[in-house]
Every structure is written in C-alpha cells, then in structure tokens.
Amino acid sequence: LVELHRVLRPTGSLYLHCDPTASHYLKIVLDTVFGVQNFRNEIIWARTLSKGLSFRQLPTNHDVIFCYQRTDNAIWNKSESYIRYDPQNIDGKTQSKYRYRDAYGRIYRLDNLLNPNRNRPNLTYEFLGVTKVWRWTKERMQKAYDDGLIVQTGPGRVPQLKRYLDEQEGRPLGDVWSDIPPINSQARERLGYPTQKPLALMERIIRLSSNPGDVVLDPFC
C-alpha cells in the first residue's frame, strides 16, 4: 500500500477489496498511508442473499471495498454514479412517479412548472388560461407546448411538464451494491480462482474513477 501510494498519480484512486474479518485493520492502515482526508467510501458489496446456515450468528453475505483518492484532483465521473433505469424492470417507487406513457410507449411523469420565487414579475403571465409565476419565459413555455412537452390535464388546471424516464440520469448509486452477483460456477467469464471479481464490478469501478486511455493497475492480478 505504501508503494501503491507512492506511484499513484494525483488524479488516481485506490479501491481495496477485503472481507469483514480484515476490513477494520486495513482501514487503519489506509488512513495512515493515504490520509484520513482522502478516504471517500466504504462500499458494501452484497454478494449473495442471506442463507440460513449459521446457527449462532447472522450469515455473512457481503464484502467491503474501500475507496481512497490520492488528492482532491482525483478523477470522478459523476455521470457514471447512476444506475440507468430499465423500462422493463422499474422499482415500485419510480413506477409510482413515472406512471404515464405517450403514444410511442415512452414512460414519463408530470413535473411542476411553477417558480418557487413568487416575486418574479418578468415570469408572471397567463398561459393556457392560468396566470402564475412560471419557471420559464413565455417563449420557452410556448415552444415546449408546441413540442408536446407540456400537458394540461383539464381546463383551468396548472400545466405540467413531461419528464421522460429514458432522458433521466438514472437512480443514484449508493455505497451498498446489491445488483452485482458473484461469479457462479457456470459463468462464461469464470477462470477458476476463488477471489475472481465479476467483470461488472471492475467495470463500474473503472468507469467511476478513470477515463479511456488511463492506466489501471491490479497489483494482485
């Protein structure tokens, strides 16, 4: 870890994978080598569902991934910190919001067009028979309406904006990863050593903290 810290670029990050029996010791080492101020995340990788095989304790079904950055200039691709929505498999909370479909089958929700600042005379005007303080100028509102992006559900009701699911960044990625299973015995990518990581796990980490063309080192490869 000392040598990794020495050769790591100022734009680089370290991800260290371990299990809960060693994580608390390694955290102290990492804090010492990288500095407490450069600690970013303790990621919990929930590898499997809990199995009722332990009789005197809860079953262990997760590993730990520590993330440290070399400096505050480390690469962080915020656009990769979202999980894209799958229109065929939408969670209940998202489905309760995005409950409409247009003529082409695209899923959307209705969003507020009112301005939270009531004191905006230049944005106060009548639109579709409703006078309010709007977020947009009248010209922009009219264009969005002409493009079919504004809906009025009934005469005199406040117009609302269509927000399409396929245009959203996705569900924010947290520090508990339960959507990446371990490599099973029949997986095509399986090479046969016990600590092999799924490609999906490595891809997520690489996309978060590096750019195409960057050098990535696995010192235990």
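About the cut-offs
- Residues numbered from 1 in each chain as written.
- Predicted model: local features only at pLDDT ≥ 70, side-chain atom pairs only at ≥ 80, totals over all residues.
- Heavy atoms only, no water.
- Helix = DSSP H or I, 4+ residues; strand = E, 2+ residues; numbered from the N terminus.
- Phe/Tyr/Trp six-rings, centres within 6.5 Å; stacked < 30°, edge-to-face > 60°.
- Buried < 20%, exposed > 50% of the residue type's maximum accessible area, 1.4 Å probe, protein only.
- Core = buried A, V, L, I, M, F, W, Y, C linked by side-chain atoms within 4.5 Å.
- Contact = heavy atoms within 4.5 Å.

Draft legend 1. Seen up close, unusual backbone geometry. The phi angle at L128 is positive, at roughly 55°, despite the residue not being glycine. Its place among the elements puts L128 in the loop between strand 7 (124–127) and strand 8 (130–133).

Draft legend 2. View of the packing of aromatic side chains. Per the stated rule, a full pass over the model turns up eight aromatic pairs. Measuring from centroid to centroid gives 5.5 Å for Y100 and Y108, while their planes differ by 25°, and the two rings are stacked. Here Y100 falls in the partly exposed class, since its relative accessible area comes to 28%. Y108 sits in the buried class, given a relative accessible area of 10%. Taking the centre distance of 6.1 Å and the plane angle of 90° together, the rings of F127 and Y145 count as edge-to-face. Placement of F127 in strand 7 and of Y145 in helix 4 (residues 138–146) is noted, with a sequence separation of 18 residues between them. Members of the aromatic cluster, connected to one another through ring pairs, are Y125, F127, W134 and Y145.

Draft legend 3. Inspection of the nonpolar core at higher detail. Among the nonpolar cores identified, the biggest contains 12 residues, and these are Y15, I43, W45, I65, C67, I83, L173, W177, I180, L201, I205 and L208. Counting only elements with at least two residues in this core, the list comes to strand 2 (39–46), strand 3 (62–69) and helix 5 (199–209). In terms of residue count, helix 5 provides more of this core than any other element does, three residues in total. Discounting chain neighbours no more than four positions away, the residues touching I205 are Y15 and W177. Core analysis: the next-biggest nonpolar cluster, separate from the first, contains 10 residues, Y125, V130, M141 and L161 among them.

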